[in-house]
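Chain by chain, the residues run as shown.
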Amino acid sequence: MNERSETPRRSAAATARRRATRTAAAKKTTARKSAAGGTFATKAAARKAAAKTAADGRTATKNAVAKKAVAKKAAKKTAAKKAATTRRGAARKAASRRGSAAPVFIRHYCQGIGDCHLLRFDKDDGSPWHLLIDCGLHSSVPNAGETMDAIVADIATVTQRIDVLVITHEHWDHVSGFSTAAEHFAGIEVGEVWMAWTENPRDKQAREFDEFKGKALAALQRASLRLDGLRSLDDNMSGVRDGLQALLGFQFGAKGEKVRAARDAGAALNTEGIRYLEPSSAPLQPEGLGNLRIYVLGPPRDTNFFSIRERASEMYMAAAAAASLERTLGPDDICAVDTLAPFDPNLGLALDDAIGSGEAADGDEAALRRLVRDLYAAEGSAAATDQRWRRIDGDWLGASADLAMQLDDRTNNSSLVLAFEFADSGRVLLFAADAQIGNWLSWQDLKWDVDGAAVTGPELLSRVVYYKVGHHGSQNATAKSKGLQLMNDPDLAAFVPTNEVDAKRVKWGEMPFHGILADLERRADGRVIRADDAWLRSGTVDARFRKANGALQRVAPGGDGLWVDVEVR
């Protein structure tokens, strides 16, 4: 009994032990798995954290680099502003200490409708450096040849050497003296000659521009001859003829001398070469003149600016006008065959023959002559009252007026414009030649790097203290908001090479233009000298200039009104 009961008990105990062992093993396995899972989780978290740290590091590095670049750019901009501010501050200080600023001595010749300006700068060693800007007079001015002889002879009394001769553009009133007074120039040594890029025969763009000028001028010459040859002109065509002759006065001398020959005579005076300039050039710093920088403002490379109408198609239209005149006039001033004409060229009668006095043998031709004379050429005849209004034989020549203006505008807008800056004071002298609105507008985008600071066209205008007024003070040769109104220096002064009487003689209207003069007088506080001022001929200095006044330190007329000396600081 006891044996049988003991065996089941032992079996149950063994079973319990096995269960306990399995349970413990399962718990141990679970624990190991939990531990392993935790390790795996920890490692993943660590990897994730490391990746995030690395990413944060890279982001931080990028941000640091970006911040450094921004800081560097800001520092550069700040430095540039500081340099500009320092320069302007120096300019203001120099302006308040008149005696410390370097002077320039200018002899303006007062021939009227013409330019000639002799500038003298003192070099670092005290020796003089002379620069002559242009030398000419319009052919319509009485005794122009004698006047230019006197001017060049006077230049020779001032200096026997011109270090730089500037020829601003190809107009007779700027270059005539190189031709008509050549014998007087023979005694003067000329160093370099400076001209605009538009005069460079090796420049493709310049050659294209020169071709337009040549063709336009040839067509206008023939048109002028035809207008002169017409028997009678109405008021409109008379105005076209007179205006054309006045504009051609910029191209020819009184004796028919050509402007190209005069320009070339001036260029040939050089002994040290010709330099062709454009606005992209760095500021010029002549040797021995450490305080002087010379900026080239115009003419622009973009020839669209050459027309005040500002259209890219202008050159084509101008060329078309010249071609139209040339087709009509023919190469030898004979009407060419017009292939678009409605009638055969062999039919009909030439107008000159029709209104001539001779009678034709043929009855039909005689009848045609009488018809033309009575209805189209009669001037108060019995057949009719004045019938000239019916005639159109000269009307096509009206196109020459537009072509003449295009040639004039484009040549003036190709003027070489120079700004002279004193480095110690920042003060600027502007010599604008005959630049018209297109040339002025092109200066707005100009920029130069000078000693790490940006210098722009508008900034130079804001520092102008002396302005040689453009194109004798004409209406479209001084820009308003982008020109004169930027000249805000309180010491501003100006010289106008003009003669109102001569301008009226050739019917140019307001020259100088009174609106420009009024604003200039206001901005310059009356410090404006005109070449036709009566006090220049009297030899007595005007009361405004008897002592230092603004940029003008000294003013002295001479030569019975032939010239006036000014000292500018």
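Rules behind the numbers
- Residues numbered from 1 in each chain as written.
- Predicted model: local features only at pLDDT ≥ 70, side-chain atom pairs only at ≥ 80, totals over all residues.
- Heavy atoms only, no water.
- Helix = DSSP H or I, 4+ residues; strand = E, 2+ residues; numbered from the N terminus.
- Buried < 20%, exposed > 50% of the residue type's maximum accessible area, 1.4 Å probe, protein only.
- Contact = heavy atoms within 4.5 Å.
- Disulfide = S-S within 2.5 Å.
- Pairing = 2+ DSSP bridges.
- Axes fitted to C-alpha atoms, helices over the stretch in contact; angles between N-to-C directions.
- Salt bridge = Lys/Arg side-chain N within 4 Å of Asp/Glu carboxyl O.

Caption draft 1: Up close: the environment of Leu486. Checked against the element boundaries, Leu486 lands in the loop between β12 (464–468) and β13 (493–496). For Leu486, a relative accessible area of 22% translates into the label partly exposed. Each C-alpha atom, one on Leu486 and one on Leu460, is 9.1 Å from the other, the two residues being 26 residues apart in sequence. Each residue touching Leu486, except ones within four places of it in the same chain, is listed here: Gln444, Pro458, Leu461, Ser462 and Ser481.

Caption draft 2: Main features of the state of the cysteines. One pass over the structure, following the stated rule, counts zero disulfides. Cysteine Cys135 shares no disulfide, and the gap to the nearest cysteine sulfur, in Cys116, comes to 3.8 Å.

Caption draft 3: How the structure looks around helix α16 (residues 514–523). Residues of α16 that are buried: Ile516, Leu517, Asp519, Leu520 and Arg523. Those residues of α16 hidden inside the fold are in contact with β12, β13 and β14 (528–530). With its phi angle positive at about 55°, Asp525 sits one or two positions after the end of α16.

Caption draft 4: Structural detail: the sheet that holds strand β7 (residues 292–298). Spatially, six strands are ordered β7-β8-β9-β12-β13-β14 in an open sheet, and the strand pairing comes out mixed. Every other strand in the sheet has two partners, leaving β7 and β14 as the edge strands with one partner each. The mean inter-strand angle of the sheet, taken between neighbouring strand axes irrespective of direction, is 15°. Pairing geometry for strand β9 (residues 428–431) and β12, over four bridges, is parallel. Opposite Leu430, over in β12, you have Tyr467 as the bridge partner.

Caption draft 5: Representation of unusual backbone geometry. Here Gly298 and Pro299 are connected by a cis peptide whose omega angle stands at 10°. With respect to the helices and strands, the residue Pro299 is situated in the loop between β7 and α9 (314–329). Cis geometry marks the peptide bond from Met511 to Pro512; its omega dihedral reads 10°. The topology assignment puts Pro512 in the loop between α15 (500–505) and α16. Positive phi, close to 45°, is recorded for His471, a residue that is not glycine. With respect to the element layout, His471 can be found in the loop between β12 and β13. Overall, the relative accessible area of 5% leaves His471 in the buried class. Located in the positive-phi region is His472, a residue other than glycine, with phi close to 60°.

Caption draft 6: Summary view of the sheet that holds strand β2 (residues 117–122). Taken together, the eight strands give an open sheet; going across it, the order is β6-β5-β4-β3-β2-β1-β16-β15, and neighbouring strands pair in mixed fashion. The sheet terminates laterally at β6 (274–277) and β15 (552–558), the two strands that pair on one side only. When strand polarity is set aside, the average angle formed by the axes of neighbouring strands in this sheet is 20°. As paired elements, strand β5 (residues 189–196) and β6 share four bridges and run parallel to each other. Paired with Trp194 across the strands is Arg275, a residue of β6. In the packing of helix α2 (residues 144–158) onto the sheet, contacts are made with β1 (104–109), β2, β3 (128–133), β4 (161–167) and β16 (563–568), and the angle to β1 comes to roughly 160°.

Caption draft 7: Seen up close, the pairing of β3. Counting buried positions along β3 gives five out of six residues, so the element sits mostly inside the fold. Between the end of β2 and the start of β3, which pair antiparallel, lie five residues, with Gly126 showing a positive phi angle near 95°.

Caption draft 8: The arrangement of the pattern of salt bridges in detail. Taken as a whole and judged by the stated rule, the model has 29 salt bridges. Note that Arg161 and Glu272 form a salt bridge whose closest N and O atoms lie 2.9 Å from each other. Highlighted residues: Arg161 in strand β4 and Glu272 in the loop between α8 (259–267) and β6, separated in sequence by 111 residues. With a relative accessible area of 24%, Arg161 lands in the partly exposed category. Among the residues examined, Glu272 registers a relative accessible area of 46% and is labelled partly exposed. Here the salt bridges do not stand alone but share partners, grouping Arg293, Glu421, Asp451, Glu459 and Arg463 into one network.

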